[in-house]
Amino acid sequence: MRERRKIRDRLSIRSMKNSLIRRLFLLGVMLGISLLLITLHAEEARLWNGNAGTVEITPGESMWMAGYAARKRPYESVLEPLFAKVLYLEDSDQDPIVVVTLDWIGVPRSFRNHLEEKLAERLDLSPHRLLLNASHTHSGPMVRVYEAPDGTMKPAYSNIPDEEAEERVESTLRYVDSVLEKIELLVSEVREGRKPVAVSFSKARCGFAINRRTPVGPGKWKNAPNPEAPVDHEVPVLQVRDEQGDLLAVLFGYACHATVLSGMEINGDWPGFAQKYFEEDHPGVIAMFLNGCSGDQNPYPRRMLNYAQRHGRAMATAVEAALETPAQILSPRSGAALHWEPIRYQEPPTPESLKQRSQSSNRYEARYAAFLLEVWKKEKAFPESYPVPVQVLRLGDEGGGLTLVALGGEVVVDYSLRLKREWQEQDKGTVWVAGYSNDVMTYIPSRRVLMEGGYEGGEAMRFVRSAVHPAPWVPEIEEQLVRRVHLLHDQLRTVEP
Ligand SMILES: [Zn+2]
């Protein structure tokens, strides 16, 4: 190395003595400057137009909480505020990607429909470029009401006393409408304030999620940590920085239920604390959580406030670590596709079997069977399928870019593990798989979990009223959804939307 430098020094001294070579040298300098300018221009071309924003959505009046069927009264106090956040990224063709995250139990389909309409009117936003994701906090408000078979509107929770039902429906609708308005306004404001930003992707790991399906005999599962079963401990992070390289926003993911707490106080559970801590450590930066394939993943240990805080701290630290790992720069190119994949149900129950089940000693099973029986009496038929949303967003184009897959429902972890494996095998670049997106109608088991049975395999459907799920999904559910993801991705590769 030193030898080479000496030779170079000698050469440069000699060249300065020679006027012809000096002229060539000047030409070289000019060429160098031109190259630098071209590079700088290319750097500029690597910028998106983006921005992020936050709005508080803590309920202002008495409401029932969502997440646990056992709760018997409205929330008592607010431990931590709830938020909706927006990330807006516009590519070099001025096509935007809008990500909305919510400290809610889920995204009702009707909510997505309304927001989609409002943003199409106001900003001419294409539906496939809008992604809504819920943190699945079990310490937030009930956000669903449904039309019962008798034509009346009812709250989604069967513990709500009949005499309260009407009032609860009204307050829920009032709250949901107010959040809709807040988000509509926030998206517009965030868009107004867009500026040149660099977008990159990196990841870290975090370990508090554990598979919650523990076998306790043939076909029987209990909700307890099973350290032998699949997990996805990756923490994908999208970094948004301004032209100076300063961090403006992070969008981070993780596959884990937000179920540390089950009390009567409103809060965002561990994802709420993770976002709060990261934002406190980085004043002015907006931290957003995109829930992953966490259908069968729980945080452990749980049930104490300090565990929610510690898991939140662990996650904020993991996001911090992701900022130090090699980042993939995403050029300002994007593609988006959204398809509502009809997934069929298995053979529906007969009215006779439902009559029998409505006498079950399990009161949730009895109420579910009675509900289905009512539907049957009115409709004389059950729905044969349900449209599960499959969204594929592509950011950047070099090396395949980043594919952000957003699936509806409470997707189990097998989906993200499988898609990441297939992305690698097929050399498709980087993939990030989110669940709880665009419509959270019930659990989305893999073939394995469906065949094994238990809560995530189909039993959880008995708690749903805002959709009629007459029977478990067909075992083809996994193949169908995975095939659709690949199909949408491959379409985006060949056609620019
Ligand atoms: Zn859940």
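Just so it is clear, the structure is predicted and the values come from calculations on it, not from any experiment. (Residues numbered from 1 in each chain as written. Predicted model: local features only at pLDDT ≥ 70, side-chain atom pairs only at ≥ 80, totals over all residues. Heavy atoms only, no water.)

Looking at the nonpolar core
- Counting 42 residues, the largest nonpolar core has V388, L407, Y415, I444, W473, L481 and V485 as its most contacted members.
- Listed by contribution, the elements that provide at least two residues to this core are β20 (334-344), α8 (363-379), β21 (385-395), β22 (402-407), α9 (414-425), β24 (430-434), α10 (447-452) and α11 (477-494).
- Residues from two domains meet in this core; each of domain 1 (48-341 + 384-494) and domain 2 (346-379) gives at least three.
- In this structure, W64, M65, A84 and I266 belong to the second largest nonpolar core, which totals 41 residues. (Core = buried A, V, L, I, M, F, W, Y, C linked by side-chain atoms within 4.5 Å. Buried < 20%, exposed > 50% of the residue type's maximum accessible area, 1.4 Å probe, protein only. Helix = DSSP H or I, 4+ residues; strand = E, 2+ residues; numbered from the N terminus. Domains from an automatic or database assignment.)

A short note on the coordination of the zinc ion
- Only H136 (NE2), H257 (NE2), E410 (OE) and Y443 (OH) from the protein reach the zinc ion as donors, at distances of 2.0 to 2.6 Å.
- Of note is the zinc ion, whose 4 donor atoms meet at the metal with angles of 80 to 172° in an arrangement that counts as irregular.
- Sequence spacing of the donor residues for the zinc ion, all on one chain, is H-x120-H-x152-E-x32-Y. Remark: Y443 occurs in strand β25 (residues 443-444) and H257 occurs in the loop between β15 (247-254) and β16 (265-266); sequence separation between them is 186 residues. Just as H257 is buried, Y443 falls in that class too. (Donors = N, O, S within 2.8 Å, 3.2 Å for Na, K, Ca; no water. Tetrahedral: all angles 85-135°; square planar, octahedral: opposite > 155°, others 65-115°.)

Quick word on the packing of aromatic side chains
- Inspection of the entire model under this criterion finds 16 aromatic pairs.
- When the ring of Y345 is compared with that of W473, the centres are 5.0 Å apart and the planes differ by 10°; the resulting orientation is stacked. One end of the pair, Y345, is in the loop between β20 and α7 (351-357); the other, W473, is in the loop between α10 and α11, and 128 residues separate them in sequence. Like Y345, the residue W473 is buried in the burial classification.
- With centroids separated by 5.1 Å and ring planes inclined at 50°, the aromatic side chains of Y364 and F463 adopt a geometry described as tilted. Here the residue Y364 occupies a position in helix α8, and F463 occupies one in the loop between α10 and α11, the gap between them amounting to 99 residues.
- What makes Y364 buried here is its relative accessible area of 17%.
- Classification of F463 as partly exposed rests on a relative accessible area of 32%. (Phe/Tyr/Trp six-rings, centres within 6.5 Å; stacked < 30°, edge-to-face > 60°.)

Concerning the sheet that holds β21
- Strand order in the open sheet made by the 4 strands is β20-β21-β22-β24, with mixed pairing throughout. Two strands in the sheet have a free side with no partner beyond their single neighbour: β20 and β24. Neighbour to neighbour, the strand axes of the sheet diverge by 20° on average, direction disregarded.
- As paired strands, β21 and β22 are joined by 6 bridges and run antiparallel to one another. Within the sheet, the bridge partner assigned to L395 lies in β22 and is L402.
- Packed onto the sheet, α9 meets β22 and β24 and runs at close to 165° relative to β24. (Pairing = 2+ DSSP bridges. Axes fitted to C-alpha atoms, helices over the stretch in contact; angles between N-to-C directions. Contact = heavy atoms within 4.5 Å.)

Brief notes about the pairing of strand β4 (residues 83-90)
- Burial analysis of β4 places 7 of its 8 residues in the buried class, the great majority of the element.
- In this structure, strand β1 (residues 48-56) lies alongside β4, joined through 8 bridges in antiparallel fashion. When the sheet's bridge partners are listed, G50 is paired in β4 with L89.
- Taken together, the 7 bridges between β4 and strand β5 (residues 96-102) define a ladder with antiparallel strand orientation. Counterpart to A84 in the pairing with β5 is L102.
- The loop that links β4 with its antiparallel partner β5 comprises 5 residues; one of these, Q94, has a positive phi angle of about 65°.

Points about the pattern of salt bridges
- On inspection of all chains with the given rule, the structure shows 31 salt bridges.
- Measuring nitrogen to oxygen at the nearest pair gives 2.9 Å for the salt bridge that ties R174 to E61. Highlighted residues: R174 in helix α4 (residues 162-192) and E61 in the loop between β1 and β2 (65-66), separated in sequence by 113 residues.
- Looking at R174, the relative accessible area reads 47%, which means it is partly exposed.
- On the accessibility criterion, E61 (33% relative accessible area) is partly exposed.
- Among the ionic contacts, a cluster of salt bridges with common partners joins R212, R213, D414, R448, E452 and E456. (Salt bridge = Lys/Arg side-chain N within 4 Å of Asp/Glu carboxyl O.)

Observations concerning the domain arrangement of the protein
- Annotation of the protein at the domain level lists domain 1 (48-341 + 384-494) and domain 2 (346-379).
- Using only C-alpha atoms to locate each centre, domain 1 and domain 2 end up separated by 31 Å.
- Taken over both partners, the interface formed by domain 1 and domain 2 buries close to 1500 Å², and the fraction arising from carbon and sulfur atoms is 57%.
- The tally of links from domain 1 across to domain 2 stands at 1 salt bridge.
- Between R462 and E365 there is a salt bridge whose closest N-O contact spans 3.2 Å.
- Linking domain 1 with domain 2 are 7 residue pairs in polar contact (both at pLDDT 80 or more), by the criterion used here.
- Among the residues forming the side of domain 1 that touches domain 2, the class breakdown is 16 nonpolar, 3 polar and 3 charged. (Buried area = accessible area lost by both parts, 1.4 Å probe. Polar contact = N/O pair within 3.5 Å; in protein donor to acceptor, adjacent residues only side chain to side chain. Nonpolar A, V, L, I, M, F, W, Y, C, P; charged D, E, K, R; others polar.)

Some thoughts on the packing of helix α5 (residues 269-281) against helix α6 (residues 305-322)
- In the contact formed by α5 and α6, the axes pass within 7 Å of each other and the chain directions differ by 50°. Accordingly, the angle class assigned to the pair α5 and α6 is oblique. Between α5 and α6 lies a crossing whose hand is right-handed. Residues W270, F273, A274, Y277, F278 and D281 of α5 pack against L305, A308, Q309, H311, G312, R313, M315, A316, V319 and E320 of α6.
- Partitioning the contact of α5 with α6 into residue classes produces 10 nonpolar, 3 polar and 3 charged. (Parallel < 35°, antiparallel > 145°, perpendicular 65-115°, else oblique. Left-handed = near helix turned anticlockwise from the far one by under 90°.)

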